[in-house]
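One-letter residues, chain by chain:
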Amino acid sequence: MALSLAVSPCPNDTFVFHALVHGLVPGAPPVDLTFADVDVTNTAALDGTFDLVKVSYAALPWLLGDYELLPCGGALGRGCGPLVLTNGRTDLTGATVAVPGDRTTAYLLFRLWAADQQPARIEVVPFHQIMPGVAEGRFDAGLVIHEARFTYQRFGLTALADLGEWWERDTGLPIPLGAILAKRGAVDPAEATGWIRESLRHGWRDRAASQDFILANAQEMEPAVVKQHIELYVNEFTLDLGKDGLAAADALLGRAAAAGLTPAVPSFL
């Protein structure tokens, strides 16, 4: 039977999973691939829709009963956090803020960072609409992720805060953004870990092999931006979370639970 997999069409995911999806990983089953934004997969995972699924770390407290966190394939790192963008505004009290999802890591970090501010309204908005919406004045601020780090200046916007820098200064840990989960009883976590790691290694060995697949699904990103995106989000934590990656997940979800924003979860360490 085919393995159902849901990831985003972002270049880091298509780079990591190209070999697995295309039958280039020895011993791995065929893969039935679904592309979806992370806010969609966070919700789909609640219903157990996929065998392997990319979700936000912020969504884990609602998912770990049915899924197991894999130690590879996700998105963690340094210098890669969400940005709070405005059109010149320097305080968010009373503001309308556009966010990419209510259970995204970006929004959880925003809530922790903005604890002493009082935005008037939060709107969940498709990612590609956030920067134009702030530039046009429909939103006072926008919370953005991924490639927006490289393109927001084109909209005349200002970064009010880099939540990755804020997180790293405060914790000394990488920022845990996206996690890969394996559905309990549907796929062996150890086998899935091996398939994903081999898929990633294949991508690193032969970068040209995945280029057409990545660009075809990169949502009109320029090749130079695609390259920057992969270099930033595919790193040593993608191969192995390690102690620092697991400590980062513990810190994020521990702080969220202490603030009453999420249910508590057991330590990953």
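Calculation rules
Residues numbered from 1 in each chain as written. Predicted model: local features only at pLDDT ≥ 70, side-chain atom pairs only at ≥ 80, totals over all residues. Heavy atoms only, no water. UniProt positions renumbered as here; feature names shortened; annotations may be inferred. Pairing = 2+ DSSP bridges. Helix = DSSP H or I, 4+ residues; strand = E, 2+ residues; numbered from the N terminus. Axes fitted to C-alpha atoms, helices over the stretch in contact; angles between N-to-C directions. Contact = heavy atoms within 4.5 Å. Right-handed = clockwise from strand over helix to strand, strands pointing away. Buried < 20%, exposed > 50% of the residue type's maximum accessible area, 1.4 Å probe, protein only. Polar contact = N/O pair within 3.5 Å; in protein donor to acceptor, adjacent residues only side chain to side chain.

By the naming in an unreviewed UniProt entry, the protein chain goes by 1,4-dihydroxy-6-naphtoate synthase and is assigned to Actinoplanes sandaracinus. Recorded under Function (unreviewed entry), the UniProt text for the protein chain is reproduced unchanged: "Catalyzes the conversion of cyclic dehypoxanthine futalosine (cyclic DHFL) into 1,4-dihydroxy-6-naphthoate, a step in the biosynthesis of menaquinone (MK, vitamin K2)." UniProt, in the comment section headed Catalytic activity (unreviewed entry), describes the protein chain in these words: "cyclic dehypoxanthinylfutalosinate = 1,4-dihydroxy-6-naphthoate + dihydroxyacetone".

Visitor: Would you take a moment to explain the sheet that holds strand β10 (residues 158-162) for this structure?
Guide: Adjacent strands of a sheet form backbone hydrogen bonds with each other and so pair up, either parallel or antiparallel. Judged by pairing direction, the sheet is mixed, and its five strands sit side by side in the order β8-β7-β9-β6-β10 without closing on themselves. Only two strands of the sheet have a single neighbouring strand rather than two, namely β8 (121-124) and β10. Taking each pair of neighbouring strands and ignoring which way they run, the sheet shows an average axis angle of 25 degrees. The pairing of strand β7 (residues 96-99) with strand β9 (residues 141-144) spans two bridges and is classified as parallel. Within β9, the residue paired with V97 across the bridge is A141. Across the face of the sheet, helix α4 (residues 127-135) comes into contact with β6 (83-86), β7 and β9 while running at roughly 150 degrees to β9.

Visitor: How should the pairing of β8 be read in this particular structure?
Guide: Where a strand is regular, its side chains alternate between the two sheet faces. Pairing of β7 with β8 involves four bridges; the strand directions are parallel. Within β8, the residue paired with T96 across the bridge is R121. A crossover links β7 with its parallel partner β8, the connecting element being helix α3 (residues 105-113), and its sense is right-handed.

Visitor: I would appreciate a short explanation of the UniProt feature "binding site: substrate" (unreviewed entry) in the protein chain in the present structure.
Guide: Summarizing the sequence annotation, UniProt attributes the feature "binding site: substrate" (unreviewed entry) to K54, V55, S56, T105 and A106 in the numbering used throughout. By the secondary structure assignment, K54 is in strand β3 (residues 52-56). When its relative accessible area of 7% is taken as the criterion, K54 is described as buried. In contact with K54, not counting residues within four places along its chain, are A6, V7, N12, D13, V38, T41, A75, G178, A179 and I180. Tracing the backbone through its elements, the reader meets T105 in helix α3. Other than its neighbours up to four places away in sequence, T105 contacts S56, Y57, A58, P176, L177 and L252. A polar contact is formed between the side chain of T105 and the backbone nitrogen of A58, at a distance of 3.3 Å.

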